[in-house]
Amino acid sequence: NLLVDYYTEVPSRPYGSGATARNVLPVLRDLKPGCIVIYAKGHSGYTTFPSSLRTEHVMLAKDMPVFFRAATRRTGVRLILYYSGLLDGIAALRHPDWVMRDGDGNPMRFFTEFRDLFYAAPLCPLSPYFDEWVSVHLRELVGRADPDGFWVDGDWPGPCWCDRCR
(Lines give C-alpha, C1' and ligand atoms only; values in the text may rest on other atoms or scores of the structure.)
Protein backbone atom coordinates (compact mmCIF):
# COMPACT_ATOMS: atom_id res chain seq x y z
CA ASN A 1 0.00 0.00 0.00
CA LEU A 2 1.05 3.56 -0.57
CA LEU A 3 0.31 6.68 1.49
CA VAL A 4 1.05 9.97 -0.25
CA ASP A 5 1.67 12.19 2.77
CA TYR A 6 1.09 15.45 0.90
CA TYR A 7 -0.21 17.82 3.56
CA THR A 8 -2.65 20.58 2.66
CA GLU A 9 -1.28 22.78 5.43
CA VAL A 10 1.02 24.97 3.31
CA PRO A 11 -1.25 27.58 1.71
CA SER A 12 1.57 29.45 -0.03
CA ARG A 13 2.53 26.69 -2.48
CA PRO A 14 0.48 25.18 -5.32
CA TYR A 15 -1.29 21.96 -4.44
CA GLY A 16 -1.48 19.16 -6.98
CA SER A 17 0.09 20.93 -9.93
CA GLY A 18 2.83 18.31 -10.23
CA ALA A 19 0.51 15.31 -10.34
CA THR A 20 -0.06 14.26 -13.94
CA ALA A 21 -1.19 11.04 -15.58
CA ARG A 22 2.24 10.92 -17.17
CA ASN A 23 4.07 10.73 -13.83
CA VAL A 24 1.47 9.00 -11.62
CA LEU A 25 0.31 6.11 -13.82
CA PRO A 26 3.79 4.57 -14.26
CA VAL A 27 4.37 4.61 -10.49
CA LEU A 28 1.05 2.90 -9.79
CA ARG A 29 1.66 0.34 -12.56
CA ASP A 30 5.22 -0.41 -11.41
CA LEU A 31 4.52 -0.57 -7.67
CA LYS A 32 1.11 -2.29 -7.96
CA PRO A 33 0.05 -1.30 -4.43
CA GLY A 34 -3.11 -2.74 -2.93
CA CYS A 35 -4.28 0.82 -2.36
CA ILE A 36 -3.15 4.41 -2.46
CA VAL A 37 -4.12 6.86 0.27
CA ILE A 38 -4.27 10.52 -0.69
CA TYR A 39 -5.34 13.58 1.27
CA ALA A 40 -8.90 14.86 1.02
CA LYS A 41 -8.70 17.19 4.06
CA GLY A 42 -5.85 18.05 6.38
CA HIS A 43 -5.76 19.38 9.95
CA SER A 44 -5.90 22.96 8.67
CA GLY A 45 -9.28 22.23 7.10
CA TYR A 46 -8.01 22.81 3.56
CA THR A 47 -9.42 20.26 1.13
CA THR A 48 -7.89 18.82 -2.02
CA PHE A 49 -11.17 19.20 -3.88
CA PRO A 50 -13.59 22.05 -4.55
CA SER A 51 -16.26 22.07 -1.85
CA SER A 52 -19.55 23.84 -1.37
CA LEU A 53 -18.09 24.82 2.04
CA ARG A 54 -15.34 26.77 0.21
CA THR A 55 -12.57 24.86 1.97
CA GLU A 56 -10.36 24.01 -0.99
CA HIS A 57 -6.65 24.76 -0.79
CA VAL A 58 -6.10 28.35 -1.94
CA MET A 59 -3.74 27.22 -4.71
CA LEU A 60 -5.49 23.96 -5.66
CA ALA A 61 -4.46 22.97 -9.18
CA LYS A 62 -6.98 20.19 -9.70
CA ASP A 63 -9.55 18.07 -7.93
CA MET A 64 -7.14 15.51 -6.49
CA PRO A 65 -9.63 12.79 -5.45
CA VAL A 66 -11.14 12.83 -8.96
CA PHE A 67 -7.68 12.81 -10.55
CA PHE A 68 -6.55 9.84 -8.44
CA ARG A 69 -9.85 8.01 -8.93
CA ALA A 70 -9.23 8.08 -12.70
CA ALA A 71 -5.63 6.92 -12.22
CA THR A 72 -6.56 4.11 -9.84
CA ARG A 73 -9.33 2.86 -12.12
CA ARG A 74 -6.82 2.67 -14.97
CA THR A 75 -4.34 0.72 -12.84
CA GLY A 76 -6.64 -1.46 -10.70
CA VAL A 77 -5.51 0.15 -7.44
CA ARG A 78 -7.96 0.92 -4.63
CA LEU A 79 -8.37 4.58 -3.63
CA ILE A 80 -8.53 5.53 0.05
CA LEU A 81 -9.10 9.17 1.03
CA TYR A 82 -7.49 10.64 4.14
CA TYR A 83 -9.74 12.96 6.15
CA SER A 84 -8.64 14.74 9.31
CA GLY A 85 -11.31 13.95 11.89
CA LEU A 86 -11.72 16.27 14.85
CA LEU A 87 -9.06 18.78 13.78
CA ASP A 88 -10.18 21.48 11.36
CA GLY A 89 -8.81 25.02 11.37
CA ILE A 90 -11.24 26.42 8.81
CA ALA A 91 -14.33 25.05 10.61
CA ALA A 92 -12.95 26.40 13.89
CA LEU A 93 -12.41 29.88 12.48
CA ARG A 94 -15.87 30.01 10.94
CA HIS A 95 -17.63 28.39 13.92
CA PRO A 96 -15.71 29.26 17.09
CA ASP A 97 -18.56 27.84 19.19
CA TRP A 98 -17.67 24.37 17.81
CA VAL A 99 -14.11 24.46 19.23
CA MET A 100 -13.28 22.25 22.19
CA ARG A 101 -12.72 24.08 25.48
CA ASP A 102 -10.15 23.35 28.12
CA GLY A 103 -10.96 23.04 31.83
CA ASP A 104 -10.86 26.83 32.19
CA GLY A 105 -13.31 27.33 29.32
CA ASN A 106 -10.68 28.59 26.85
CA PRO A 107 -10.68 27.44 23.20
CA MET A 108 -8.12 24.69 22.55
CA ARG A 109 -5.54 24.79 19.77
CA PHE A 110 -3.58 21.97 18.22
CA PHE A 111 -0.17 21.91 16.53
CA THR A 112 0.72 25.26 18.06
CA GLU A 113 4.35 24.71 17.06
CA PHE A 114 3.21 25.36 13.47
CA ARG A 115 1.21 28.52 14.27
CA ASP A 116 3.10 30.56 11.67
CA LEU A 117 2.22 28.03 8.96
CA PHE A 118 -1.37 27.01 9.67
CA TYR A 119 -4.12 27.03 12.25
CA ALA A 120 -5.65 23.85 13.62
CA ALA A 121 -8.16 23.49 16.40
CA PRO A 122 -10.04 20.52 17.79
CA LEU A 123 -13.79 20.47 17.28
CA CYS A 124 -16.20 19.31 19.93
CA PRO A 125 -17.76 15.96 18.97
CA LEU A 126 -21.12 17.16 20.37
CA SER A 127 -21.14 20.33 18.24
CA PRO A 128 -22.87 20.52 14.84
CA TYR A 129 -19.47 19.86 13.19
CA PHE A 130 -20.29 16.33 12.01
CA ASP A 131 -23.80 17.10 10.78
CA GLU A 132 -23.09 20.47 9.18
CA TRP A 133 -19.49 20.07 8.01
CA VAL A 134 -18.08 16.54 7.88
CA SER A 135 -21.22 15.07 6.32
CA VAL A 136 -21.10 17.70 3.56
CA HIS A 137 -17.48 16.87 2.71
CA LEU A 138 -18.03 13.11 2.79
CA ARG A 139 -21.11 13.31 0.54
CA GLU A 140 -19.17 15.46 -1.92
CA LEU A 141 -16.24 13.04 -1.92
CA VAL A 142 -18.37 9.94 -2.38
CA GLY A 143 -20.36 11.62 -5.15
CA ARG A 144 -17.37 12.92 -7.10
CA ALA A 145 -14.61 10.36 -6.48
CA ASP A 146 -16.37 7.15 -5.39
CA PRO A 147 -13.47 6.12 -3.12
CA ASP A 148 -12.98 2.56 -1.95
CA GLY A 149 -12.66 3.81 1.60
CA PHE A 150 -11.73 6.58 3.99
CA TRP A 151 -9.04 6.90 6.60
CA VAL A 152 -10.40 9.29 9.21
CA ASP A 153 -7.50 10.36 11.36
CA GLY A 154 -7.89 9.35 14.98
CA ASP A 155 -6.65 12.52 16.64
CA TRP A 156 -8.37 12.89 19.98
CA PRO A 157 -7.34 16.14 21.60
CA GLY A 158 -9.96 16.11 24.38
CA PRO A 159 -11.51 15.99 26.81
CA CYS A 160 -13.78 18.87 25.94
CA TRP A 161 -15.13 21.10 28.70
CA CYS A 162 -17.62 23.17 26.67
CA ASP A 163 -21.19 23.63 27.91
CA ARG A 164 -22.44 20.80 25.64
CA CYS A 165 -19.95 18.31 27.06
CA ARG A 166 -20.30 19.35 30.68
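All figures in this text were calculated on a predicted structure; none of them were measured in a lab.

Chemist: Go over the packing of helix α2 (residues 64–75) against helix α4 (residues 129–145), please, and point to the residues and values.
Modeler: One way to put it is that α2 packs onto α4 with a least axis distance of 9 Å and a crossing angle of 35°. Of the two elements, α2 crosses α4, and the hand of that crossing is right-handed. Contact residues: P65, V66 and R69 in α2; L141, R144 and A145 in α4. For the contact of α2 with α4, the residue count by class is four nonpolar, no polar and two charged.

Chemist: Report on the pattern of salt bridges, specifying residues and quantitative values.
Modeler: Applying the stated criterion across every chain yields a total of six salt bridges. Ionic pairing is found between R54 and E56, a salt bridge with its closest N-O pair at 2.4 Å. R54 gets classed as exposed once you look at its relative accessible area, which sits at 57%. Judged by its relative accessible area of 16%, E56 falls in the buried class. Its salt-bridge partner being R69, residue D148 comes within 3.1 Å of it at the nearest N-O pair. One end of the pair, D148, is in the loop between α4 and β4 (149–152); the other, R69, is in helix α2, with 79 residues separating them in the sequence. R69 gets classed as buried once you look at its relative accessible area, which sits at 8%.

Chemist: Give me the pairing of strand β2 (residues 35–41): which residues, what numbers.
Modeler: When a strand is regular, its side chains alternate between the sheet's two faces. Counted residue by residue, β2 has seven buried out of seven residues, so it is predominantly covered. Pairing geometry for strand β1 (residues 2–3) and β2, over two bridges, is parallel. Considered in β2, the bridge of L2 is made with I36. For the handedness criterion, the β-α-β arrangement of β1, helix α1 (residues 21–31) and β2 is classed as right-handed. As paired strands, β2 and strand β3 (residues 78–83) are joined by six bridges and run parallel to one another. Directly across from K41, in β3, lies its bridge partner Y83. Remark: the β2/α2/β3 crossover connection has right-handed handedness.

Chemist: Which residues make up unusual backbone geometry, and what values do they have?
Modeler: For K32, which is not glycine, the phi torsion reads 50° and is therefore positive. Position of K32 among the secondary structure elements: in the loop between α1 and β2. Judged by relative accessible area, which is 66%, K32 ranks as exposed. Phi angles above zero are rare outside glycine, and R54 is one such case at about 60°. Checked against the element boundaries, R54 lands in the loop between β2 and α2.

Rules used throughout
- Residues numbered from 1 in each chain as written.
- Predicted model: local features only at pLDDT ≥ 70, side-chain atom pairs only at ≥ 80, totals over all residues.
- Heavy atoms only, no water.
- Axes fitted to C-alpha atoms, helices over the stretch in contact; angles between N-to-C directions.
- Helix = DSSP H or I, 4+ residues; strand = E, 2+ residues; numbered from the N terminus.
- Left-handed = near helix turned anticlockwise from the far one by under 90°.
- Contact = heavy atoms within 4.5 Å.
- Nonpolar A, V, L, I, M, F, W, Y, C, P; charged D, E, K, R; others polar.
- Salt bridge = Lys/Arg side-chain N within 4 Å of Asp/Glu carboxyl O.
- Buried < 20%, exposed > 50% of the residue type's maximum accessible area, 1.4 Å probe, protein only.
- Pairing = 2+ DSSP bridges.
- Right-handed = clockwise from strand over helix to strand, strands pointing away.

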